[in-house]
Each structure stands twice: as C-alpha cells, then as structure tokens.
Amino acid sequence: MQPFAKVLIFIVVLFIFFFGRHTTAKYTAESSLGPCFQNITGGYVLFFERSFVDCVRECKRRPRCQTIRYDRPILICMLYSTNITQASPSGCFQASREEFINRFALEGKCEQHHTRCNLSETCSLEATTLEPFCEILDCGEKPLPRHAEVIYYVDSKIGSQVQFQCKNYTTTPNRTGVAECSSSGGWIWTQSIQCTVPQDCLELYEKYNISVSGPYYISPDNNTIARVFCDMKTSGGGWTVIQRRNSSNVNFTRNWANYTNGFGEVTGNYWIGNRILHALTSSNNIIMFRLRHINGSTYNASYSNFRVLDEAKKFKMTYDHYINGTAGDALGNANQHSAKKMSFSTIDRDNDKCDKSCAAQMKGGWWYNNCSTSNLNGVYCLNGTNNSYCMTWSTNHNEMTWSTSPHLLRLYNETMISIRRTPNQQTTTSKAPTTTKTTTTTPQ
C-alpha cells in the first residue's frame, strides 16, 4: 500500500474515533478496517501504527488476550479475547498466545510479573522505579444486548464507548443505547436500551394494536427469531400462521432439516419449522385448520392446547381435545391412523408405526401413524388428482383408499394452519374460536 493511502486510512479512522460517536453512521473494526478484521468477533483492544513485536507484547502482558491479528500493510493490530480458528486473509498475520508467549520477552520485570495479573488487568512498569504492577486498562469484550446490533465501536479501552441500536425486526428499531468502559474495568450504561420482539401475533394484535395481516417477526422463546405471517382478521385476529398452501410453487416433500428449520415464503406457501412450532405450543392455545376443497367449499377444524415436543423427542405431537369444525376430526379419530401422540416423520426420518415409510409413501412431512387420515403437507395435486399422497383431511380411514372409495376422499387445494394463545386455563368449550384476551409479558 502506498504511504499516501496509509495516511488517508489513518486520518479517516482518527476522524471516526473522535467524531463518529456523535453520528449515526455504522463503524466497527469488523466493518470498517478491511478484510483482516472482517467477520471476526471478540476483538477488544485496537492499536494503530504499531510494529508486529509491539502487537505481540501488548497481548502477552494482558492475560485476557488469546489471539492477535496484525494487518502488515497498514500497521493495525487487534487483540482478541478468544481463540480464532478462521484462516487469515493475505497480508494479515494471525497468532495465538501459545505460539508467541515464549518467543517474545516483555520489557523489564513484566516478563515474570505478567502471570500475576488477573484476567482484567495488564502488567505495566512504574514510570520512575520501573517496578512492575498490574493495572486495569480495558474492559474486555463489549456487551451485546439481546436483539440489538453495534453501530459504533472502536475498542474496549477505559473511556471508550459502544453504541447499540435495536435490530429492524424489533418493535423499536430506532431505539439506541450507549455503554462506556469505566476505570474499574466494567461496562456501565450511560444510555440504557431494551429491544423487544413480540412473542407471537397475538401480542402484536393486543399490545401493539397491529390489525393488518401480513409478515412480522416474532420470538416465542425470546431467543429464536422467526418471520411469520400474522392473520389479524379471522375470528378476532392474532393468529400465527404455521402452514399455508395455495399453489404448487413450493415442494413440501422435504427432509428432516427442512421441516425442523422451516421453508418457503411466509407471504405464499410455507412451513414455519418444527423448532419454532415447539416454542409456540409451549403455552395454552387453540389451533385451527382451514381448508378449501377443489370444488370451492371451505371447512375448518379446531383443537385445544396443541403441543409439539422438542427435537430430542422427535417433535412428538399431542393436544387436549378436538373442539369442533365442519372438517371433522382427522387428527385423532381413527386408532391406527391417529396423528395424536405420534412423532414427526420425513422422507429421511421414519418415526411412524408402519412397516414402510409413510413419509415416503405420502410424500410429505407429518405426524404419521400407520399412515394417516391427514396429510396436509402432502403433494399439491392439480386438476383434482385423487391420491393418498395429495393434501388430504379425512374423518374415515377408508377414504384414504382411492380404489375402494373414490368419491369420499376429500382433496384440498388451499390450506392454512394457524395458532393463537389462550389464557392459562384448559379449554373446555365446544364453541368456535372467538377473540381471546390474555396477559402478555414483554421479552427481556
């Protein structure tokens, strides 16, 4: 790199350092200092215009430092509190503490004394006596509030600041916060920040007065973020859609990983994902199946307290009871074909009770038994094709045999499965779903 370019980069960095904290432009070492520092987190002390030996010594005298990255062309050094396994790009030197700790000696008595400093301290030499002592010069890795991103951060030296902004999927995307590294070696909040993500569509509807159906972000467990479609019009609103199909654009003959994580587009055809479905069904709820027959007729079926267990239990499904509906009970009505209390199966995970793979035979992912009278994740069949692997919902297992009862099998070309929380008492009514009011807790 030419000297002029090096000087220009240094001037820009200094400008951002002194004035950047008063702007909204995003600046971090990972995003602003070139490929040597991109996509690597954990950096906490930054040095400019230093030699490689200086960089090594700064790391060695800090017990917290585990790895260094040094950009040779522009003489910038970053210390990291974690071991980095990623390979460094060209022109960027990377070394772990074990690699250089015995190769480069510290000045004076710090070579012996640095091992006495604790994790938050640095070995320094007293200016007049040159005796070693341990002092706090930094705060270690920056804090990171839940659902926030860093918009300004240089390093974690005492007096340094880090600015945060709530991510765009939160209910407060423009909210900001500031933390400062104090002389005690801890981060203090000079401007606190709390970023919230709604638990589900019902919270959006009731707490934030959102009444327009469409895609939104939710976090049922205040950890995992999911983009879902919210139905704010049907039966009082606040329904989180977990499956929707209205065309053959998305293939539902998928493997275990796809069904675990979800697939498709929430504004069209999609499956929310069994991991999110597990979190959504941890609270009392009503689940509603809405179906449109190929002849244009519509049907529905509702169940109380639908539950999907976690992946370790193979996303096993159960519920309290069938409430009512014009579609009838296809989940639990027929002994060996009942989906209730069954594990989830896909084309590569056979968890059913059939000698053969029901998922392979019915070409979907579902809670198959020996197989099933319901198969809403089966093939989207066009032109009224009547096969057991099509999207089906039947109250009679005999209807699943096309050769014996071709006129009884219900075929659907549009489905929507949606769920809504209910108060924490067991649902005992047999009435159709109505508007439900519940107390919600804002995620912390």
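What you see is a predicted model; the values in this text were computed from it and never measured.

## Considerations on the overall build of the protein
If you tally the helices and strands in the protein, you get 9 helices and 23 strands. Counting only residues that meet the buried cut, the protein has 51% of its 444 residues in that class. Residue pairs at least 24 apart in sequence account for 53% of intrachain contacts in the protein once pairs closer than 6 positions are excluded. Accessible surface computed for the protein: about 20300 Å², of which carbon and sulfur atoms make up 49%.

## A closer look at the state of the cysteines
Throughout the structure, instances matching the rule amount to 10 disulfides. Across the disulfide from cysteine 36 sits cysteine 92; the S-S distance is 1.9 Å. Taking the sign of the S-S torsion, about 50 degrees here, the bridge from cysteine 36 to cysteine 92 comes out right-handed. Of the two residues, cysteine 36 is situated in the loop between helix H2 (29-32) and strand E1 (43-48) and cysteine 92 in strand E4 (residues 92-96); the sequence distance between them amounts to 56 residues. On the basis of relative accessibility, which here comes to 2%, the residue cysteine 36 falls in the buried class. One disulfide bridge connects cysteine 166 with cysteine 195, the sulfur atoms lying 2.1 Å from each other. The sign of the -85 degrees torsion about the S-S bond sets the cysteine 166-cysteine 195 disulfide as left-handed. One end of the pair, cysteine 166, is in strand E8 (residues 161-166); the other, cysteine 195, is in the loop between strand E10 (187-191) and helix H6 (201-206), with 29 residues separating them in the sequence. Residue cysteine 166 is classed as buried on the basis of its relative accessible area of 1%.

## Observations concerning the pairing of strand E17 (residues 298-304)
Counting buried positions along E17 yields 5 of 7 residues, so the element is predominantly enclosed. Hairpin connection of strand E16 (residues 285-293) to E17: 4 residues between the antiparallel strands, including glycine 296 at a positive phi of 100 degrees. Pairing analysis gives 3 bridges linking E17 to strand E20 (residues 321-324), with the strands arranged antiparallel. Bridge pairing in E20 places tyrosine 303 opposite tyrosine 322.

## So, the sheet that holds E1
On the basis of which strands lie adjacent, the open sheet formed by 4 strands has the order E1-E3-E2-E4 and antiparallel pairing. Where the open sheet ends on each side, the last strands, each with one partner, are E1 and E4. Going from strand to strand, the sheet's axes swing by 15 degrees on average, the running direction of each strand aside.

## A short note on the packing of aromatic side chains
Per the counting criterion, the structure on display carries 21 aromatic pairs. On the basis of an interplanar angle of 40 degrees and a centroid distance of 6.2 Å, the ring pair of tyrosine 27 and tyrosine 152 is categorised as tilted. Of the two residues, tyrosine 27 sits in the loop between helix H1 (3-19) and H2 while tyrosine 152 sits in strand E7 (residues 148-153), which places them 125 residues apart along the sequence. Classification of tyrosine 152 as buried rests on a relative accessible area of 1%.

## Brief notes about the pattern of salt bridges
Under the counting rule described, the total for this entry stands at 13 salt bridges. With a shortest N-O distance of 2.4 Å, arginine 421 and aspartate 200 are connected by a salt bridge. Placement of arginine 421 in strand E23 (residues 412-421) and of aspartate 200 in the loop between E10 and H6 is noted, with a sequence separation of 221 residues between them. Of the charged contacts in the structure, one is a salt bridge between glutamate 414 and arginine 292, with a shortest N-O distance of 3.4 Å. One end of the pair, glutamate 414, is in strand E23; the other, arginine 292, is in strand E16, and 122 residues separate them in sequence. On the basis of relative accessible area, glutamate 414 is assigned to the partly exposed category, the value being 35%. Given the relative accessible area of 34%, arginine 292 is considered partly exposed. Within the structure, one salt-bridge network assembled from shared partners comprises Arg50, Glu58, Arg61, Arg62, Arg64 and Asp138.

## Remarks on the environment of glutamate 121
Inspection of the secondary structure assignment puts glutamate 121 in the loop between helix H5 (110-113) and strand E5 (122-125). Not counting the four nearest positions on each side in its chain, glutamate 121 is found in contact with Arg61, Arg62, Pro63, Cys134, Glu135 and Ile136.

## Focus: the side chain of serine 345
By the secondary structure assignment, serine 345 is in the loop between E20 and helix H9 (358-362). On the basis of relative accessibility, which here comes to 0%, the residue serine 345 falls in the buried class. Within the structure, serine 345 has its side chain in polar contact with the backbone nitrogen of aspartate 352 (distance 3.3 Å). Excluding anything up to four places from it in sequence, serine 345 contacts Asp350, Asn351, Asp352, Ala359, Gly364, Gly365, Trp366 and Tyr368.

## Focus on the nonpolar core
Ranked by size, the top nonpolar core spans 53 residues in total, and within it Phe289, Leu331, Trp366, Trp367 and Trp393 carry the most contacts. Not counting residues up to four positions away in its chain, the partners in contact with leucine 331 are Phe289, Tyr303, Phe306, Met317, Tyr319, Ser338, Ala339, Lys340, Trp366, Ser374 and Trp393.

## Examining the pairing of E8
Counting buried positions over the 6 residues of E8 gives 5, a clear majority of the element. Sheet topology note: the E7/E8 ladder contains 5 bridges and is antiparallel. Bridge pairing in E8 places valine 150 opposite phenylalanine 164. Examined bridge by bridge, E8 and strand E9 (residues 176-181) share 5 bridges and lie antiparallel to one another.

## With respect to helix H3 (residues 52-60)
Every buried residue belonging to H3 is among Phe52, Cys55, Val56, Glu58, Cys59 and Lys60, and all of these are buried. On the buried face of H3, the contacting elements are E1, strand E2 (67-71), strand E3 (76-80), E4, helix H4 (97-100) and H5.

Parameters and conventions
- Position numbers for residues start from 1 in each chain and track the written sequence from start to end.
- A pLDDT threshold of at least 70 governs which residues receive local features in this predicted model, and a stricter bar of 80 or more applies before side-chain atom pairs are shown or counted, although totals over entire chains, interfaces and linings include all residues.
- The basis for every side-chain value is the complete set of heavy atoms in the structure, and neither hydrogens nor water enter the calculation.
- In DSSP terms, a helix is any run of H or I states spanning at least four residues, a strand is any run of E spanning at least two, and both are numbered starting from the N terminus.
- Relative accessible area decides the class of each residue, using a 1.4 Å probe on protein chains only: under 20% of the type maximum gives buried, over 50% gives exposed, and in between gives partly exposed.
- Should any heavy atoms of two residues lie within 4.5 Å, those residues are counted as being in contact.
- Exposure was quantified through the Shrake-Rupley algorithm and a 1.4 Å probe, taking into account, for residues, occlusion by the shown protein chains and nothing else.
- Counting rule for disulfides: a pair of cysteine sulfur atoms within 2.5 Å.
- A pair of strands is labelled paired if DSSP reports no fewer than 2 bridges between them.
- Axis lines are fitted to C-alpha atoms, over the contacting stretch for helices. Their N-to-C directions set the angle, which ranges from 0 to 180 degrees.
- Aromatic pairing here means that ring centres of Phe, Tyr or Trp (its six-membered ring) are within 6.5 Å. Orientation follows from the plane angle: under 30 degrees is stacked, over 60 is edge-to-face, and everything else is tilted.
- A pair is scored as a salt bridge if a Lys or Arg side-chain nitrogen falls within 4 Å of a carboxyl oxygen belonging to Asp or Glu.
- Counted as a polar contact is a pair of N or O atoms within 3.5 Å, where, for protein atoms, one must be capable of donating a hydrogen and the other of accepting one, and residues adjacent in sequence contribute only when both atoms are in side chains.
- Throughout, nonpolar core names a set of buried Ala, Val, Leu, Ile, Met, Phe, Trp, Tyr and Cys residues whose side chains join them through atoms within 4.5 Å.

All we've got here are geometric facts, nothing functional implied.
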